[in-house]
Amino acid sequence: MPLHLVTPIDRAQNARADSDSLDLPAKGWRSHAADLCYIVLRGSTFLASSYLMALGLPLLFFLLISGGDAGVFFAHLANISDRFLGAEQGRQIGFLDEFKFVLIGVATLVVVWRLPRFINDLERELSGEKL
(Lines give C-alpha, C1' and ligand atoms only; values in the text may rest on other atoms or scores of the structure.)
Protein backbone atom coordinates (compact mmCIF):
# COMPACT_ATOMS: atom_id res chain seq x y z
CA MET A 1 0.00 0.00 0.00
CA PRO A 2 1.78 3.17 -1.17
CA LEU A 3 1.67 6.21 1.01
CA HIS A 4 0.89 9.14 -1.21
CA LEU A 5 -0.12 12.36 0.54
CA VAL A 6 -2.05 14.96 -1.36
CA THR A 7 -1.78 18.41 0.17
CA PRO A 8 -4.09 21.35 -0.45
CA ILE A 9 -1.28 22.96 -2.46
CA ASP A 10 -1.16 19.91 -4.76
CA ARG A 11 -4.92 20.09 -5.24
CA ALA A 12 -4.77 23.78 -6.06
CA GLN A 13 -2.02 23.27 -8.63
CA ASN A 14 -3.89 20.36 -10.23
CA ALA A 15 -7.10 22.37 -10.37
CA ARG A 16 -5.28 25.29 -11.97
CA ALA A 17 -3.68 23.01 -14.56
CA ASP A 18 -7.01 21.31 -15.32
CA SER A 19 -9.04 24.45 -15.78
CA ASP A 20 -9.26 25.91 -19.28
CA SER A 21 -9.64 29.56 -18.29
CA LEU A 22 -8.36 31.57 -15.39
CA ASP A 23 -11.17 34.12 -15.31
CA LEU A 24 -11.24 36.24 -12.21
CA PRO A 25 -14.57 36.65 -10.49
CA ALA A 26 -16.46 39.75 -11.51
CA LYS A 27 -16.13 42.71 -9.18
CA GLY A 28 -19.30 43.55 -7.33
CA TRP A 29 -20.66 46.95 -6.52
CA ARG A 30 -19.15 46.82 -3.02
CA SER A 31 -15.62 46.50 -4.33
CA HIS A 32 -16.24 49.40 -6.73
CA ALA A 33 -17.62 51.47 -3.84
CA ALA A 34 -14.63 50.55 -1.68
CA ASP A 35 -12.24 51.56 -4.48
CA LEU A 36 -14.09 54.85 -4.91
CA CYS A 37 -13.95 55.59 -1.18
CA TYR A 38 -10.23 54.77 -1.14
CA ILE A 39 -9.59 57.08 -4.10
CA VAL A 40 -11.54 59.91 -2.44
CA LEU A 41 -9.67 59.51 0.85
CA ARG A 42 -6.25 59.28 -0.80
CA GLY A 43 -7.08 62.22 -3.07
CA SER A 44 -8.17 64.41 -0.18
CA THR A 45 -5.01 63.65 1.80
CA PHE A 46 -2.97 64.33 -1.34
CA LEU A 47 -4.60 67.74 -1.85
CA ALA A 48 -4.34 68.65 1.84
CA SER A 49 -0.65 67.81 1.98
CA SER A 50 -0.03 69.70 -1.28
CA TYR A 51 -1.72 72.84 0.05
CA LEU A 52 0.21 72.57 3.31
CA MET A 53 3.41 72.40 1.27
CA ALA A 54 2.33 75.48 -0.69
CA LEU A 55 1.60 77.35 2.54
CA GLY A 56 5.02 76.40 3.90
CA LEU A 57 6.88 77.81 0.90
CA PRO A 58 6.49 81.49 1.96
CA LEU A 59 7.82 80.53 5.39
CA LEU A 60 10.78 78.84 3.73
CA PHE A 61 11.31 81.92 1.57
CA PHE A 62 11.47 84.24 4.59
CA LEU A 63 13.75 81.84 6.43
CA LEU A 64 16.11 81.86 3.44
CA ILE A 65 16.06 85.66 3.31
CA SER A 66 16.88 85.87 7.01
CA GLY A 67 19.68 83.31 6.76
CA GLY A 68 18.03 81.08 9.37
CA ASP A 69 18.25 83.73 12.11
CA ALA A 70 14.99 83.95 14.08
CA GLY A 71 15.51 87.62 15.02
CA VAL A 72 15.97 88.69 11.40
CA PHE A 73 13.05 86.46 10.34
CA PHE A 74 10.65 88.13 12.75
CA ALA A 75 12.04 91.56 11.83
CA HIS A 76 11.07 90.87 8.19
CA LEU A 77 7.61 89.74 9.27
CA ALA A 78 7.20 92.81 11.49
CA ASN A 79 8.24 95.07 8.60
CA ILE A 80 5.69 93.47 6.26
CA SER A 81 2.90 93.58 8.85
CA ASP A 82 3.62 97.23 9.75
CA ARG A 83 3.56 98.26 6.09
CA PHE A 84 0.40 96.23 5.47
CA LEU A 85 -1.44 97.74 8.44
CA GLY A 86 -0.22 101.26 7.56
CA ALA A 87 -1.44 101.08 3.97
CA GLU A 88 -4.83 102.33 2.86
CA GLN A 89 -7.63 99.83 2.39
CA GLY A 90 -7.44 99.73 -1.42
CA ARG A 91 -3.77 98.82 -1.34
CA GLN A 92 -4.41 96.16 1.32
CA ILE A 93 -7.10 94.57 -0.83
CA GLY A 94 -4.80 94.70 -3.88
CA PHE A 95 -1.97 93.04 -1.92
CA LEU A 96 -4.29 90.32 -0.62
CA ASP A 97 -5.61 89.66 -4.14
CA GLU A 98 -2.06 89.32 -5.49
CA PHE A 99 -1.05 87.13 -2.56
CA LYS A 100 -4.04 84.82 -3.14
CA PHE A 101 -3.22 84.59 -6.83
CA VAL A 102 0.43 83.71 -6.15
CA LEU A 103 -0.48 81.21 -3.42
CA ILE A 104 -3.03 79.44 -5.63
CA GLY A 105 -0.48 79.36 -8.47
CA VAL A 106 2.20 77.88 -6.21
CA ALA A 107 -0.28 75.31 -4.87
CA THR A 108 -1.21 74.37 -8.43
CA LEU A 109 2.45 73.92 -9.34
CA VAL A 110 3.00 71.71 -6.28
CA VAL A 111 -0.02 69.56 -7.20
CA VAL A 112 1.11 69.24 -10.83
CA TRP A 113 4.63 68.33 -9.71
CA ARG A 114 3.38 65.60 -7.32
CA LEU A 115 0.49 64.26 -9.44
CA PRO A 116 2.31 61.65 -11.60
CA ARG A 117 3.74 59.84 -8.58
CA PHE A 118 0.37 59.98 -6.79
CA ILE A 119 -1.39 58.41 -9.77
CA ASN A 120 1.26 55.67 -10.11
CA ASP A 121 1.07 54.88 -6.38
CA LEU A 122 -2.73 54.81 -6.46
CA GLU A 123 -2.79 52.53 -9.51
CA ARG A 124 -0.28 50.17 -7.91
CA GLU A 125 -2.20 50.04 -4.61
CA LEU A 126 -5.55 49.41 -6.31
CA SER A 127 -4.12 46.64 -8.47
CA GLY A 128 -2.79 44.88 -5.36
CA GLU A 129 0.89 44.95 -6.28
CA LYS A 130 3.50 44.90 -3.54
CA LEU A 131 6.50 47.20 -3.39
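Being a predicted model, the structure only gives us computed values, none of them experimental.

**Regarding the packing of helix α2 (residues 29-66) against helix α4 (residues 89-127)**
Part 1 of the argument: Here α2 crosses α4 at 145 degrees, and the two axes come no closer than 9 Å. In this structure, α2 crosses over α4, and the sense of that crossing is right-handed.
Part 2 of the argument: When the residues that make up the contact of α2 with α4 are grouped by side-chain class, the tally is 19 nonpolar, three polar and five charged.

**What about the packing of aromatic side chains?**
Part 1 of the argument: If you walk through the whole model with that rule in mind, you get five aromatic pairs.
Part 2 of the argument: Between Phe 84 and Phe 95 the ring centres are 5.8 Å apart and the planes differ by 55 degrees, which places this aromatic pair in the tilted class. Taken together, the residues span a long stretch of sequence, with Phe 84 in helix α3 (residues 70-86) and Phe 95 in helix α4 at a distance of eleven residues.
Part 3 of the argument: For Phe 95, a relative accessible area of 40% translates into the label partly exposed.
Part 4 of the argument: A ring pair is formed by Phe 95 and Phe 99, whose centres lie 6.2 Å apart and whose planes are at 20 degrees; its orientation type is stacked. Separated by four residues within a single helix, Phe 95 and Phe 99 lie in helix α4, roughly one turn from each other.

**Considerations on the UniProt feature "transmembrane region" (unreviewed entry) in the protein chain**
Part 1 of the argument: Within the UniProt annotation, "transmembrane region" (unreviewed entry) is assigned to residues 51-78.
Part 2 of the argument: Counted over residues 51-78, helix gives 89% and strand 0%. Its end C-alpha atoms are 25 Å apart.

**Overview of the pattern of salt bridges**
Part 1 of the argument: If you walk through the whole model with that rule in mind, you get four salt bridges.
Part 2 of the argument: Taking the shortest distance from any N to any O, the salt bridge between Asp 121 and Arg 117 comes out at 3.7 Å. Residue Asp 121 and its partner Arg 117 are both found in helix α4; the two are separated by four residues, about one turn of the helix.
Part 3 of the argument: Among the residues examined, Arg 117 registers a relative accessible area of 64% and is labelled exposed.
Part 4 of the argument: The closest approach of N and O atoms between Asp 121 and Arg 124, which form a salt bridge, is 3.0 Å. Highlighted residues: Asp 121 and Arg 124, both in helix α4, separated by three residues, approximately one helical turn.

**Quick look at the confidence of the model for the protein chain**
Part 1 of the argument: Residues at a pLDDT of 70 or more form 79% of the protein chain, whose mean pLDDT is 84.
Part 2 of the argument: Taking the mean pLDDT of every element in the protein chain, the minimum, 58, falls on helix α1 (residues 8-18) and the maximum, 93, on α4.

**Some words on α2**
Three- or four-residue spacings in an α-helix give side chains the same orientation, since the helix completes a turn every 3.6 residues.
Part 1 of the argument: In this model α2 runs 56 Å from its N-terminal to its C-terminal C-alpha over 38 residues, within 8% of the 56 Å that 1.5 Å per residue would give.
Part 2 of the argument: By the largest-angle criterion, Leu 57 marks the main kink of α2, which is about 25 degrees, and a proline, Pro 58, follows within four residues.
Part 3 of the argument: Of the surrounding secondary structure, the elements contacted by the buried residues of α2 are α3 and α4.
Part 4 of the argument: Looking one or two places after α2, you find Gly 67, whose phi comes out positive at around 75 degrees.

Conventions used here
Residues numbered from 1 in each chain as written. Predicted model: local features only at pLDDT ≥ 70, side-chain atom pairs only at ≥ 80, totals over all residues. Heavy atoms only, no water. Axes fitted to C-alpha atoms, helices over the stretch in contact; angles between N-to-C directions. Helix = DSSP H or I, 4+ residues; strand = E, 2+ residues; numbered from the N terminus. Left-handed = near helix turned anticlockwise from the far one by under 90°. Nonpolar A, V, L, I, M, F, W, Y, C, P; charged D, E, K, R; others polar. Phe/Tyr/Trp six-rings, centres within 6.5 Å; stacked < 30°, edge-to-face > 60°. Buried < 20%, exposed > 50% of the residue type's maximum accessible area, 1.4 Å probe, protein only. UniProt positions renumbered as here; feature names shortened; annotations may be inferred. Salt bridge = Lys/Arg side-chain N within 4 Å of Asp/Glu carboxyl O. pLDDT = per-residue confidence, 0-100. Expected span 1.5 Å × (residues − 1). Bend = angle between axes of the 7 residues up to and from the residue. Contact = heavy atoms within 4.5 Å.

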